[in-house]
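A structural walkthrough
For reference, the chains in residue letters:
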Amino acid sequence: MHPGPWMPVVFATLLMAVPASAQVSPPPLPSVDLGVHELRLQARLVSKRTEEDLWVLGNAQSAVRVARSTDAGRSWRVDAQASEALVKALLAHSHDTLEHMIWLGPDTGIAAGDIGPRVLRTTDAGRSWKSIPLTDELRVHDLQHLGERIWLCDSSGRIFRSDDAGASWQELKGTPFNHEDRCKSMSFLSPESGWALGSNESLWSTEDGGKTWRSRAMEEKEPLLSVARTPVLGGEKVAVLGEDTVVALGKRGLYTFISGQLLRAGPPASQGSGVLTPLEGIARKAPDEWLGWTGDQIVASHDEGRSWFQVGRVPQSPLRAIAFLKTQTVLAELGTGAMLRSENFGRTWKPSTSPLDAHDFALASGRTTTPDNPFECVLGTSPASMKIHYQESGCFNVFGGLISVQLSPGEALLSVERYQGGAEGKQVRERRKLSRGDGERIVRELMAAATRQETMPDCDSTTVYSASIEWSCPSGPIKKASVSLNDSSCAPQDLPSLMTFGAVPPDAYSRTLGIHQAVYEVLERTSR
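An account of the accompanying structure is given in this report. (Residues numbered from 1 in each chain as written. Predicted model: local features only at pLDDT ≥ 70, side-chain atom pairs only at ≥ 80, totals over all residues. Heavy atoms only, no water.)

Brief notes about the sheet that holds strand β13 (residues 170-172)
Operational definition: A pair of strands is labelled paired if DSSP reports no fewer than 2 bridges between them. Put simply, DSSP H or I for four residues or longer makes a helix, DSSP E for two residues or longer makes a strand, and each gets a number counted from the N terminus. Axis geometry follows a simple rule: fit a line to the C-alpha atoms, using only the stretch in contact for helices, then measure angles between N-to-C directions, giving values from 0 to 180 degrees.
Here we have 4 strands laid out as an open sheet, ordered β10-β11-β12-β13, and antiparallel in their pairing. With partners counted over all chains shown, the strands left at the sheet margins are β10 (140-146) and β13, one partner each. Adjacent strand axes in the sheet meet at a mean angle of 25 degrees when their direction is disregarded.

Here's the deal with the packing of helix α6 (residues 436-451) against helix α8 (residues 511-526)
How we decide: Each angle is binned into one of four classes, with values under 35 degrees roughly parallel, values over 145 roughly antiparallel, values of 65 to 115 roughly perpendicular, and all other values oblique. Handedness of each helix crossing follows the sense of rotation of the near helix against the far helix: counterclockwise by less than a right angle gives left-handed, clockwise gives right-handed. Here a residue-residue contact requires only that any non-hydrogen atoms of the pair lie within 4.5 Å. Note on residue classes: Ala, Val, Leu, Ile, Met, Phe, Trp, Tyr, Cys and Pro are nonpolar, Asp, Glu, Lys and Arg are charged, and everything else, Gly too, is polar.
Orientation of α6 relative to α8, taken along the N-to-C sense of each, is 160 degrees, at an axis distance of 8 Å. Relative to α8, the element α6 lies roughly antiparallel. Relative to α8, the crossing made by α6 is right-handed. Mapping the contact onto sequence places Arg441, Ile442, Glu445, Leu446, Ala449, Ala450 and Thr451 in α6 and Arg511, Gly514, Ile515, Ala518, Val519, Val522, Arg525 and Thr526 in α8. Split by residue class, the contact of α6 with α8 holds 8 nonpolar, 3 polar and 4 charged.

Remarks on the nonpolar core
Just so we agree on the cut-off: The nonpolar core is taken to be a set of buried Ala, Val, Leu, Ile, Met, Phe, Trp, Tyr and Cys residues, with the residues joined through side-chain atoms within 4.5 Å. The classification of residues rests on relative accessible area computed with a 1.4 Å probe and restricted to protein chains. Under 20% of the type maximum is buried, over 50% is exposed, and intermediate values are partly exposed.
Membership of the largest hydrophobic core comes to 35 residues, with the highest contact counts inside it found for Phe375, Ile403, Val443, Ile469, Trp471, Ile515 and Val519. Looking at this core, the elements with two or more residues in it are α5 (376-380), β31 (384-393), β32 (398-407), β33 (411-420), α6, β35 (464-472), β36 (480-487) and α8. Among the elements that line this core, the one with the most residues is α6, at 6 residues. If we skip the residues at most four places from it in the chain, Val519 touches Ile388, Tyr390, Ile403 and Leu446. Among the nonpolar cores identified, the runner-up in size contains 19 residues, and Ala269, Phe324, Ala332 and Trp349 belong to it.

Re the pairing of strand β2 (residues 42-50)
Successive side chains on a regular strand alternate, one facing one side of the sheet and the next facing the other. One ladder, built from 7 bridges, connects β2 with strand β3 (residues 53-60); its direction is antiparallel. Its bridge partner lying in β3, Gln42 is registered against Asn59. Counting the residues in the hairpin turn of β2 and β3 gives 2 residues.

Regarding the sheet that holds strand β21 (residues 261-266)
Pairing between the strands of a sheet comes from backbone hydrogen bonds, and it takes one of two forms, parallel or antiparallel. Spatial strand order, β18-β19-β20-β21: 4 strands in an open sheet with antiparallel pairing. Since the sheet does not close on itself, it has two edges, and those belong to β18 (238-241) and β21, each with one partner. On average, each strand axis in the sheet is inclined to that of its neighbour by 15 degrees, with strand direction left out of account. Sheet analysis places strand β20 (residues 253-258) next to β21, joined by 5 bridges and oriented antiparallel. Across the sheet, Leu254 pairs through a bridge with Gly266, a residue of β21.

Quick notes on α6
For clarity, the cut-off: In this analysis, the expected span of each helix is defined as 1.5 Å times one less than the number of residues it contains.
With 16 residues, α6 should cover 22 Å at 1.5 Å per step; its first-to-last C-alpha distance of 22 Å lies within 8% of that length. Residues of α6 that are buried include every one of Arg436, Gly439, Glu440, Ile442, Val443, Leu446, Met447, Ala449, Ala450 and Thr451, and no others.

Comments concerning the state of the cysteines
Stated formally: We call a pair of cysteine sulfur atoms a disulfide when they lie within 2.5 Å.
Tallied over the full model, the rule gives 2 disulfides. Here Cys153 pairs with Cys183 through a disulfide, and the sulfurs are 2.2 Å apart. Looking down the S-S bond of the Cys153 and Cys183 bridge, the torsion is -65 degrees, so its handedness is left-handed. Remark: Cys183 occurs in strand β14 (residues 183-188) and Cys153 occurs in strand β11 (residues 149-154); sequence separation between them is 30 residues. Classification of Cys153 by relative accessible area gives buried; the value is 0%. Assessed through its relative accessible area of 1%, Cys183 is described here as buried. Each disulfide pairs two cysteine sulfurs, and for Cys377 the partner residue is Cys473, the sulfurs being separated by 1.7 Å. Taking the sign of the S-S torsion, about -65 degrees here, the bridge from Cys377 to Cys473 comes out left-handed. One end of the pair, Cys377, is in helix α5; the other, Cys473, is in the loop between β35 and β36, and 96 residues separate them in sequence. Looking at Cys377, the relative accessible area reads 9%, which means it is buried. The exposure class of Cys473 is buried, given its relative accessible area of 8%.

Written as structure tokens, this is what we have:
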């Protein structure tokens, strides 16, 4: 039988006849162990003391903390005694940072980093540490060992060696490095043969334990080249346990691999209770940034749901949905429609106080309905007004001002104040009458800048931009309110070049910077 034009109709009819229970349904939400909690420390290094004892060093409340694992990185606990021993050893230089730790055996270990002209040495498995002096101030860039022979190279380009398990050190005078080409990493396969990589990608080899070095071209196909060119595989970044387990330090904390497969990623976390609770919802910001919730508890995953850990609680429940804003800001919608806000990726929450949050939640969650614009009443009723206070604060200068638009039925009044050197500095004040249409145009430009969805990454700029928006109108859902915005991201003039080199997204946008730019354009246009 040949198919005819009626065949699609038959197939559609048959499909409609399939019972609902037989149709494909979305997979169920996972169940998680709510007893697994993240350890609040910023992991800096991972070190293997023994095959059964893995250490992670990090900072918590401005002090060094030691977390230890006896199950190949699956769970961790804070060791108060080991932490206190390192704090005591660093007490004279509380601002110092440990960045390297190696173990020559179960009892003997060496710790180094940016701690002045010394290393720390333990001979009792970390219960106490002794300072071993080196010469002058330095920051250790790499620390390697074979047997009882240890090498370290520092920020000035010097190389030191110990032949007695770190009890004493000698400076090797034949270093090939200096202040312009500093030692970046080292690798040794025997007490005499090794490699060193410079910050300018120079490659050096030694056959006498580091006393002398000779340059090697990066194109040479040497078997050790791959080791020397991958400093991330140094002892302070990766711990290898047995034949199939690797624990590495990365962007999201610790990554545990078993036979090459990722088991979990995230911060050091405690052992769970073994009791599983089904989640009520999941929100995904990126493959390595998920949040889930059940009741009032918030859990996170940094490995696409392979593992979860509890991060915080919401003050009210039940939750209906979660949406992600810029950087660490998260909004949660309650079953009542009220909003909660977190600035640290779900760890702590407060009731929303910003009139923009409902608008931002609708944008970020991708809802098809047009989000309410909290400023809409300024254009829809009269008399109404909008004010923008803006300020740019750098290391050596502060300037800013105020732009105000008052809308009446037939006209608009534009008021401008500009100052330099702070609000008490030299000021310029201007007032100008405009047509109603010109006033509405200015308000629309400022509204567009204040409601455009943010996609701006944090650029760690020393310049802080701030803006506050005040508006009032006789009627509407929000008659009078204010919103404050702050940003220390990239400067507006830097964005084009940063986008060209891929440092920020091509559509990067910060509301604070956008408002500044909109204000400058209005001032330039109205001053003509």
